[in-house]
Structure formats: C-alpha cells, structure tokens
Amino acid sequence: MTQTTSAPQHEDGTAPPAARFDAIVEAAVQQGLLGEGGPVAGFIDTAGVRASVGALRDAFAATPEVLHTFAAKACSLIPVLRLLADCGMGCEVASPGELRLALEAGFPASRVVLDSPAKTREEIRLALALGVAVNADSLGELRRIDALRNPSTSSVLGLRVNPQVGGGSIGPMSTATDTSKFGVALRDPGAREAIVEAFRERPWLTRLHAHVGSQGCPLELIAAGVARTYELAEEINATLGARQITSLDIGGGLPVNFADETVRPSYADYVAALTAAAPGLFSGRYALVTEFGRSLVAKNGFIGARVEYTKDAGGRRIALTHAGAQTATRTVLMPDAWPLRIGAFGPDGAPKASPVLAQDIAGPCCFAGDVVAYGRELPELAEGDVVVLYDTGAYYFSTPWAYNSLPRPAVYGFRVAAGQEGEGPGHAGAVTFATVRGPQSLDSIAAESGLAHVDALIERDD
Ligand SMILES: Cc1ncc(COP(=O)(O)O)c(C=O)c1O
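Calculation notes
- Residues numbered from 1 in each chain as written.
- Predicted model: local features only at pLDDT ≥ 70, side-chain atom pairs only at ≥ 80, totals over all residues.
- Heavy atoms only, no water.
- Near = heavy atom within 4 Å.
- Polar contact = N/O pair within 3.5 Å; in protein donor to acceptor, adjacent residues only side chain to side chain.
- Areas by Shrake-Rupley, 256 points an atom, 1.4 Å probe, with all protein chains shown as cover.
- 1 Å grid on protein atoms, 1.4 Å probe; cavity = no way out; pocket = protein on both sides within 12 Å on 5 of 7 lines; lining within 4 Å.
- Sits in = over half its atoms within 2 Å of the grid points.
- Nonpolar A, V, L, I, M, F, W, Y, C, P; charged D, E, K, R; others polar.
- Domains from an automatic or database assignment.
- Contact = heavy atoms within 4.5 Å.
- Buried area = accessible area lost by both parts, 1.4 Å probe.
- Salt bridge = Lys/Arg side-chain N within 4 Å of Asp/Glu carboxyl O.
- Helix = DSSP H or I, 4+ residues; strand = E, 2+ residues; numbered from the N terminus.
- Buried < 20%, exposed > 50% of the residue type's maximum accessible area, 1.4 Å probe, protein only.
- Pairing = 2+ DSSP bridges.
- Right-handed = clockwise from strand over helix to strand, strands pointing away.
- Phe/Tyr/Trp six-rings, centres within 6.5 Å; stacked < 30°, edge-to-face > 60°.
- Lys NZ or Arg CZ within 6 Å of the ring centre and 35° of its normal.
- Expected span 1.5 Å × (residues − 1).
- Arc of directions from axis to C-beta.

A. Fine view of the site of the ligand. Near the ligand there are 14 residues, and of these S214, G253, E291, R294 and Y395 occur at the shortest range. In the environment of the ligand, an oxygen atom lies 2.8 Å from a nitrogen or oxygen atom belonging to the side chain of S214. One of the side-chain nitrogen or oxygen atoms of R294 is found 2.6 Å away from an oxygen atom of the ligand. Burial of the ligand by the surrounding chains reaches 91%, relative to a free accessible area of 390 Å². More than half of the atoms of the ligand fall within 2 Å of the grid points belonging to the largest pocket. Split into classes, the residues belonging to the shell around the ligand amount to three nonpolar, five polar and six charged.

B. Region of the structure containing the domain arrangement of the chain. As far as domains go, the chain holds domain 1 (2–45 + 298–448) and domain 2 (47–293). Between domain 1 and domain 2, the C-alpha centre-to-centre distance is 32 Å. Contact with domain 1, which involves 33 residues of that partner, is made by 27 residues of domain 2. Ranking the residues of domain 1 by area buried against domain 2 places K299, W338 and Y395 at the top, with a combined share of 22%. Our count for the domain 1 to domain 2 interface comes out at one salt bridge. Residue R341 is joined to E261 by a salt bridge in which the shortest nitrogen-to-oxygen separation is 2.5 Å. Connecting domain 1 to domain 2 are 10 residue pairs in polar contact (both at pLDDT 80 or more). Those elements that place two or more of their residues in the side of domain 1 that touches domain 2 are β1 (40–45) and β18 (431–437). Its residues placed into classes, the side of domain 1 that touches domain 2 shows 15 nonpolar, 11 polar and seven charged.

C. Quick peek at helix α9 (residues 267–277). Those residues of α9 not exposed but buried are Y267, D269, Y270, V271, A273 and L274. Residues of α9 that are buried sit in contact with α2 (46–59), α8 (219–240), β10 (287–292) and α10 (294–297).

D. Representation of the pairing of strand β6 (residues 157–162). Most of β6 sits inside the fold, with six of its six residues counted as buried. Residues L157, L159 and V161 line one face of β6 and the alternating positions G158, R160 and N162 line the opposite face, and both faces are buried. Note that strand β5 (residues 133–136) and β6 share three bridges and pair parallel. Residue pairing in the sheet places A136 in a bridge with L159 of β6. With helix α6 (residues 139–148) bridging β5 and the parallel β6, this β-α-β connection has right-handed handedness. When β6 meets strand β8 (residues 205–209), the two strands line up parallel, connected through four bridges. Bridged to G158 within β8 is R207.

E. The packing of aromatic side chains, seen in detail. Under the criterion given, the structure shown has 15 aromatic pairs. For the ring pair F21 and F414, a centre distance of 5.6 Å and an interplane angle of 80° mean the geometry is edge-to-face. Note that F21 is positioned in the segment before α1 (22–30) and F414 in strand β17 (residues 410–416), a separation of 393 residues in sequence. Both residues of the pair, F21 and F414, belong to the buried class. Ring geometry for F43 against F433: centres 5.8 Å apart, planes inclined by 65°, an arrangement best described as edge-to-face. Highlighted residues: F43 in strand β1 and F433 in strand β18, separated in sequence by 390 residues. Looking at F43, the relative accessible area reads 0%, which means it is buried. The class for F433 is buried, based on a relative accessible area of 18%. Ring pairs connect the aromatic residues F21, F43, F302, Y412, F414 and F433, which therefore count as one cluster. Residue placement shows R243 over the ring face of Y286; its charged tip is 5.0 Å from the ring centre.

F. Structural view of α2. Relative to the 20 Å expected for 14 residues at 1.5 Å per residue, α2 spans 20 Å between its end C-alpha atoms, a close match to the ideal helical length. If you check which residues of α2 are buried, you get T46, G48, V49, S52, V53, L56 and A59. Seen from one end, α2 has its buried residues packed into an arc of 165°, which puts them on one side. For α2, the exposed residues set more than 90 degrees away from the buried face come down to A51 and D58. Capping the start of α2, D45 holds a side-chain oxygen 3.3 Å from the backbone nitrogen of A47, two or three residues further along.

G. Up close: the pattern of salt bridges. All told, the structure shown has 25 salt bridges when counted by the stated rule. Of the charged contacts, one joins R100 and E104 as a salt bridge, the two residues approaching to 2.6 Å between their closest N and O atoms. Taken together, the positions of R100 and E104, both in helix α4 (residues 96–105) and four residues apart, correspond to about one turn of that helix. Of the charged contacts, one joins E141 and K119 as a salt bridge, the two residues approaching to 2.7 Å between their closest N and O atoms. Here E141 is found in helix α6, whereas its partner K119 is found in the loop between β4 (112–114) and α5 (121–130), with 22 residues between them in sequence. Residue K119 is classed as buried on the basis of its relative accessible area of 4%. Residues joined in a network through salt bridges with shared partners are E261, K299, R341 and D391.

In structure tokens form, the structure reads like this:
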C-alpha cells in the first residue's frame, strides 16, 4: 500500500498550512463574514465535498452494489446533508435528531441507516414505519424489534457486532476493544453461537454491521474488523444453509491526516487494505453499505476567528481568539490527540508575513485549558488578525459546545468561480458564500436556556 508522507514541522506534529483557502479567508474578511462583526465562523468547500464523494465512489467503482451513507454526526447541518444527498449519498443517523435532519435534507428513507446503542421503542417504531434501515446494537434490541416489527416493514434490519480486534491510538475513538459499549462482543464466550441463533430465529434479519473505530485506528485494524465480520456472515449463511445475510454494513472511520495538506490514507488505500484482509468482500457476494463521516468533510472545512487581544504571561505570548472549546472541543479537551494546523492572517485577510513567534492560541471560554495550540510558531499575531483552524469540516463547527452560553458560530459554504480555484489572495472576488447556519442570536441562547420557564423555580404560596 502506498501512502504519501511529508515531514511535519511543529512540535505537535502539524505542518504549516498551504494556500488552499487563502483567497477564501480574504473574501470572508472583505465581505464582513469574519472580523469585528463576525468574530468566529465555520467555512465549507462545496466543490471539495463533491470531489471527496467522487473519490469515494471511484475507489468502490468495481463493487457491484454499494450504498455510501454519510455519517450525519460528522457535519449535522441540513444544507451540508442536502449537498451530500445531491451527490447521491445516503445518510447514517444515530439519534432522532439526526434522523429528522436527514429527512429534512431530502434523503429518501430507504437510503437512511439508523445506528446508536440506546434506541428507544419509539425511535425503533418510527424507523420501521418510515422504512429506514436499522442496525440493532444488541441482542436485547433485537428482542425489542421482535415486538415492534410489522412484517410489512420495508426496513432492512441488521445486527451490529464488535469484532474485538483492538483499539487505535485514541481510546474514545476505538469501538472494537474487548469492552466497547457497541455491538455484540463477538469473541465473548457463547457470543458467536448466540448470534447464529439470533439469525436462525429471525429470517428477516439480513445484515451484519461493524464500525471498528475512527480517528487513530490504523487501516489494518479496520480491515481486520471488517474481515472478521465478513467471515461471520459466511459462517451464518453456511450454518443456516441459505444466503440469509445479503448485505454488510462496514461502517466508516477512515482517519483524517491533520498533520499536513495531503489526503492520506485515501479511499483507494482503504479498499486495498480491505481487499487484502477479506478478498471476497468486493465480489458482489454481499451488497455493501459504508458510513464515512470525517474523511468526506474534515479537510473541506475550516474555522476562522478574530484575534481579540494578545498578552504576555510568564514569558509566553498568548493570542486570545474567538475559536476555543465551544467550536474546537476535541482539540481543547484532548490536545495531544487532536492537534490542528493553524494559519495567521492580517486584518485584511491576507496571510501574515511578520516574524514567527511561539504563541499560545487561546479561545474565549472561561477555563484555563481553553487553548487550541500551545507554543505554536506562527507570525506574530495582533489584535484584529484572523487565525484559521484547518481540517475542521467534521465534528468541529458543526457540533458546537454551549459552554459559557457562547453562540453557535455561523457556517458558510463557499464556491470559487470556474478557472480560479486554488488561486491565492487577490482572487477573493471570485469567491461566493452561502449561509449554512446564521450566527446564534442572544434571543436564541436565552430561549434555549429556559427563558420560557423563567419563574419555574420561584416558590409561591398561592
Ligand atoms: C456507527 C458509526 N458509523 C460511522 C461513523 C463515522 O465515523 P467517521 O466520521 O470516522 O468516518 C461513526 C462515528 O462515530 C459511527 O459511530
């Protein structure tokens, strides 16, 4: 398997960014989307998303039957989901909220897959009524489905297994550890037999599902988990003497390279690793479902934030920006696991050329750890400058944290006029933006914080 490598330059393994989005930052500043009136916003490259879907399709081109779904959790914004639906994707959802977003975005129910480890009876009932595919997370959930299922449902029904092939470098992203909360733990004593029986008792159960893990999981580990799932399907069908399992949902999880510009591993690397581990997987013996999230959108998005102040403390320079834990939650809470590339731009949106200095890039939240990068060597920042957090199109601005009642940042899609893609500063005029989500208003924050029940806790004697 060939993978591109390049040398990271910062201590945390990230490299200085290239110019891919320079014209976009400049245009965002010129159009007032970033600056005093818009201190932080997320941006998403619509052509980039389409290109990523294209790369996914190309990698699976030889597979007779495949449904690529987008894991809604990676970018749970209706216009982004609509873009992905328009690209021909299906949608993987893991909550009633995500199901609602997927339907609002226009995904047909038949192209939606419901996962999640804690589905309520009501959720299952709704999914079955709509014809959404459901992957049961446990044998207990299968028993619920027994009671709720109408034989006329068009939902494809599956069972998630945990192949227990081990974890990757980020524990919370590893779903195939021995004790993971997801799926039926395949290597536990008696589990295999119980799974075979579950299929024998339910002729309508036709799918096996596994999602081995995400960021930090090497391809070989993901491939091993998928291979164990494939082998289990073969064993079940052989034992039952029928091809009852007709499809395999192989999950998502392709890791993203946050260290530099290159897309690695690629979907082609992924298909090569799976082909090596489970040669029959792409033969058409089973229809396939995929559930990729981060690999489709992470590198197609960035966060831009204004530098509000700079200060020195204990010999250290700190830039206080508007991008902190409310929009870069993972990076702030687990900085070693989620380092981000950061770019420095002037108040006019042009890349800064001032001498480089080690600086902490801090956020607006009121806790000391709200820092997205420590001692990062960047051109010296000043009030009014803009910092850019790259590779944040997935699980960052789309899933904000309401800490300190900070508003959800605005999100804009952007497009570059034909022939001017990839051009740097000076081509800002070729960029057009579309609002994906407006900045959250103070009225909205108050409403979400119980305004309608303002007197609820005041005791009265009357
Ligand atoms: C069941 C399932 N499918 C798909 C995904 C998407 O993973 P990724 O964004 O790493 O591709 C996840 C992520 O948590 C998941 O839990």
